[in-house]
Amino acid sequence: KDLIQTDTPINPGNSGGPLVDARGRVVGITTAILPYAQGLGFVVPTETVLGAIARDQERRASAPPPRFGVSGMPTTIDAALAKRLDLKEARGVLVVDVQTASPAERASIRALDVLIKMGEAPLTSVEALKQRLDIVSAGQSVEVAFLRGGTLRKTHVVVG
């Protein structure tokens, strides 16, 4: 559905590249080949791609990003502690600062806590925390597991 069929060669690893017309205008983004179909390829039309981007930008603009209220940095967790607590990953996010009146502060998260899990998702990096917040809606309560002084704790944060 909503694909352009082309006989332009799309070699493995080349999907995602532009398909251009004779004037050099991008008409689509290469996406798939049928290996046994005599070189048939498929392209997502530019209008479809631009429409998806526009819808995503509208959604992001109309809904402010979820607010958690911490600044952090990646950290490693002592291997013996990780083993004792049965952690799958010996990494987490060290909380450097907690914003006043933020969802994190209301949930009693403090500087020097190490965030290790949000919901079922491990928080092994700041990027992992950001990705997790991208799928949480404002007003949603999410369980956060963290370490404080070598003790595993859990709290619920109502994301702002």
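See the structure shown above.
Residues numbered from 1 in each chain as written. Predicted model: local features only at pLDDT ≥ 70, side-chain atom pairs only at ≥ 80, totals over all residues. Heavy atoms only, no water.

### Quick look at the environment of Ser-15
Along the chain, Ser-15 falls in the loop between strand S1 (4–6) and strand S2 (18–20). A relative accessible area of 45% places Ser-15 in the partly exposed class. The spacing of Ser-15 and Gly-149 is 134 residues in sequence and 49 Å in space, taken between C-alpha atoms. Look past the residues within four positions of Ser-15 in its chain and what remains in contact with it is Ile-10, Thr-30 and Thr-31. (Helix = DSSP H or I, 4+ residues; strand = E, 2+ residues; numbered from the N terminus. Buried < 20%, exposed > 50% of the residue type's maximum accessible area, 1.4 Å probe, protein only. Contact = heavy atoms within 4.5 Å.)

### Some points on the nonpolar core
Membership of the largest hydrophobic core comes to 19 residues, with the highest contact counts inside it found for Phe-68, Val-70, Ile-109, Leu-115, Met-118, Leu-129 and Val-144. For this core, the secondary structure elements donating two or more residues are strand S6 (91–98), strand S7 (114–118), helix H4 (126–134) and strand S9 (141–148). Beyond its immediate sequence surroundings of up to four residues, Val-144 is in contact with Phe-68, Ile-109, Leu-115, Lys-117, Met-118, Arg-153, Lys-154, Thr-155 and Val-157. Ranked by size, the runner-up nonpolar core spans 9 residues in total, among them Ile-77, Leu-94, Val-114 and Ile-116. (Core = buried A, V, L, I, M, F, W, Y, C linked by side-chain atoms within 4.5 Å.)

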